[in-house]
Amino acid sequence: MNDRLTLYHGDSSELLKNIPDNQIDFILTDPPYNLGPYSTGNMKFGWRSDINNDLAEWDGKFDPADYKDEFLRILKPSGNLFSFCSYNMLGRWHEVFDPLFDTFQYFIWHKTNPVPKFRKAGFLNSCEMIVCMWNKGHTWNFGKQSEMHNHFECPICMGLERVKEPKHPTQKPLKLLKYLIGIASNENNLVLDPFMGVGSTGVAAMELNRRFIGIELDKEYFKAAQKRLKID
Ligand SMILES: C[S@@+](CC[C@H](N)C(=O)[O-])C[C@H]1O[C@@H](n2cnc3c(N)ncnc32)[C@H](O)[C@@H]1O
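Once a new chain begins, its residue numbering starts again from 1 and follows that chain's sequence as written. A pLDDT threshold of at least 70 governs which residues receive local features in this predicted model, and a stricter bar of 80 or more applies before side-chain atom pairs are shown or counted, although totals over entire chains, interfaces and linings include all residues. Note: side-chain values were computed over all heavy atoms of the structure, leaving out hydrogens and water.

## With respect to the overall build of the chain
- If you tally the helices and strands in the chain, you get 6 helices and 8 strands.
- Helix and strand definitions here come from DSSP, where helices need a minimum of 4 consecutive H or I residues and strands a minimum of 2 consecutive E residues; each element is numbered from the N-terminal end. Reading the secondary structure of the chain in the N-to-C direction produces β-α-β-α-β-α-β-β-β-α-β-α-β-α.
- Note on classification: 1.4 Å probe, protein chains only; a residue is buried when its accessible area is under 20% of the maximum for its type, exposed when over 50%, partly exposed between these limits. Counting across all 232 residues of the chain, residues that qualify as buried make up 47%.
- Areas reported as accessible are Shrake-Rupley estimates using a 1.4 Å probe. Residue values count occlusion only from the protein chains shown. When the accessible surface of the chain is split by element, carbon and sulfur atoms take 52% of a total near 12,200 Å².

Dropping the structure here:
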């Protein structure tokens, strides 16, 4: 912990209660996808290693409604709330949060290098959705009209950026996170990720001179986030 960065290991539904009212400028988060029931598991091939199918033990039950009261309590009136959202959760996010915010939009991340479909059956899963919510008077750094389309293109997290130990199946790329943080917050603002995984939102926030609070349930991911953020 330092005065710009605080990481908590544990369940965010409990730990959020430690954050005082009206503290957070920007919640940028990536909760469990609840895709476990639809998954057929990692893809197996005789001629190459398994391909990760975004399946993880933690990808169980997440209901945005359980976080509604705490998110509203800790978010400043000028704050923004953005969350990665799997296709199966869009209706639930809209049902719960649209009545609570002036604006509810969606944003698409187009992955330029999605996992290939070797069996050539169906579309590639090359898009991910991010639901975006705010009230009037929110922080918004609008660029040129041509830069403000509700989509962004970049590769999935690769190479040196990808944490090797432990591997996190859904580690998000810093390029995308920095783009979102740059639009929806200002320098020295406090950014929160209550499902931080290996700390990608925190790294992006630090690189843009924001402050950050991150929470992660899994001990190994938490330790990897501490290491990336150079904190013990
Ligand atoms: C989709 S991943 C986030 C990945 C992250 N964006 C990254 O780049 O590393 C969701 C994370 O939420 C964590 N998680 C699940 N339930 C949680 C809870 N109740 N409190 C805190 N973290 C939780 C999981 O362990 C997992 O690492």
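## Side note on the site of the ligand
- As a matter of local geometry, the ligand sits amid 23 residues, with Asp30, His168, Lys172, Ser200 and Glu216 nearest to it.
- Within 3.5 Å is the distance limit for a polar contact, defined as a pair of N or O atoms, with the added protein rule that one can donate a hydrogen and the other accept it, and that residues adjacent in sequence qualify only through two side-chain atoms. Histidine 168 has a polar side-chain atom sitting 2.9 Å from an oxygen atom of the ligand.
- Within the complex, 95% of the 610 Å² of free accessible area of the ligand lies under protein.
- Three categories are distinguished: nonpolar for Ala, Val, Leu, Ile, Met, Phe, Trp, Tyr, Cys and Pro, charged for Asp, Glu, Lys and Arg, and polar for the others, with Gly belonging to the last. Partitioning the shell around the ligand into residue classes produces 11 nonpolar, 7 polar and 5 charged. Note on terminology: near, applied to a residue and a molecule or strand, indicates that one of the residue's heavy atoms is within 4 Å of it.

## Some details on the nonpolar core
- In these notes, a set of buried Ala, Val, Leu, Ile, Met, Phe, Trp, Tyr and Cys residues joined through side-chain atoms within 4.5 Å is what counts as a nonpolar core. Core analysis: the largest hydrophobic core is formed by 29 residues, its most contacted members being Leu7, Phe82, Ile130 and Leu176.
- Per element, the largest residue contribution to this core is 6 residues, and it comes from helix 4 (residues 174-184).
- Contact criterion: two residues are considered in contact whenever any of their non-hydrogen atoms come within 4.5 Å of each other. Setting aside its immediate chain neighbours within four residues, leucine 176 contacts Phe84, Phe107, Trp109, Ile130, Phe152 and Cys154.
- Counting 25 residues, the second largest nonpolar core, distinct from the first, contains Ile27, Phe62, Leu75 and Ile213.

## Details of the sheet that holds strand 7 (residues 190-193)
- Pairing between strands is defined by DSSP: at least two bridges between the two strands are required. Spatially, 8 strands are ordered 1-8-7-2-3-5-4-6 in an open sheet, and the strand pairing comes out mixed. Both edges of this open sheet fall to strand 1 (5-9) and strand 6 (151-154), since each of them pairs with a single strand only. Taken over all neighbouring pairs, the strand axes of this sheet differ in orientation by 15 degrees on average, direction set aside.
- Relative to strand 8 (residues 211-216), strand 7 runs parallel, the two being bridged by 4 bridges. Bridge assignment links leucine 190 to a residue of strand 8, and that residue is arginine 211.
- Note on method: axes are straight lines fitted to C-alpha atoms, helices fitted across the in-contact stretch only, with angles between N-to-C directions ranging 0 to 180 degrees. The sheet strands contacting helix 4 are strand 2 (24-29), strand 3 (75-85), strand 4 (103-111), strand 5 (127-134) and strand 6, and the helix crosses strand 2 at an angle near 155 degrees.
- Helix 6 (residues 219-228) rests against strand 1 and strand 8 of the sheet, and its axis sits at about 165 degrees to strand 1.

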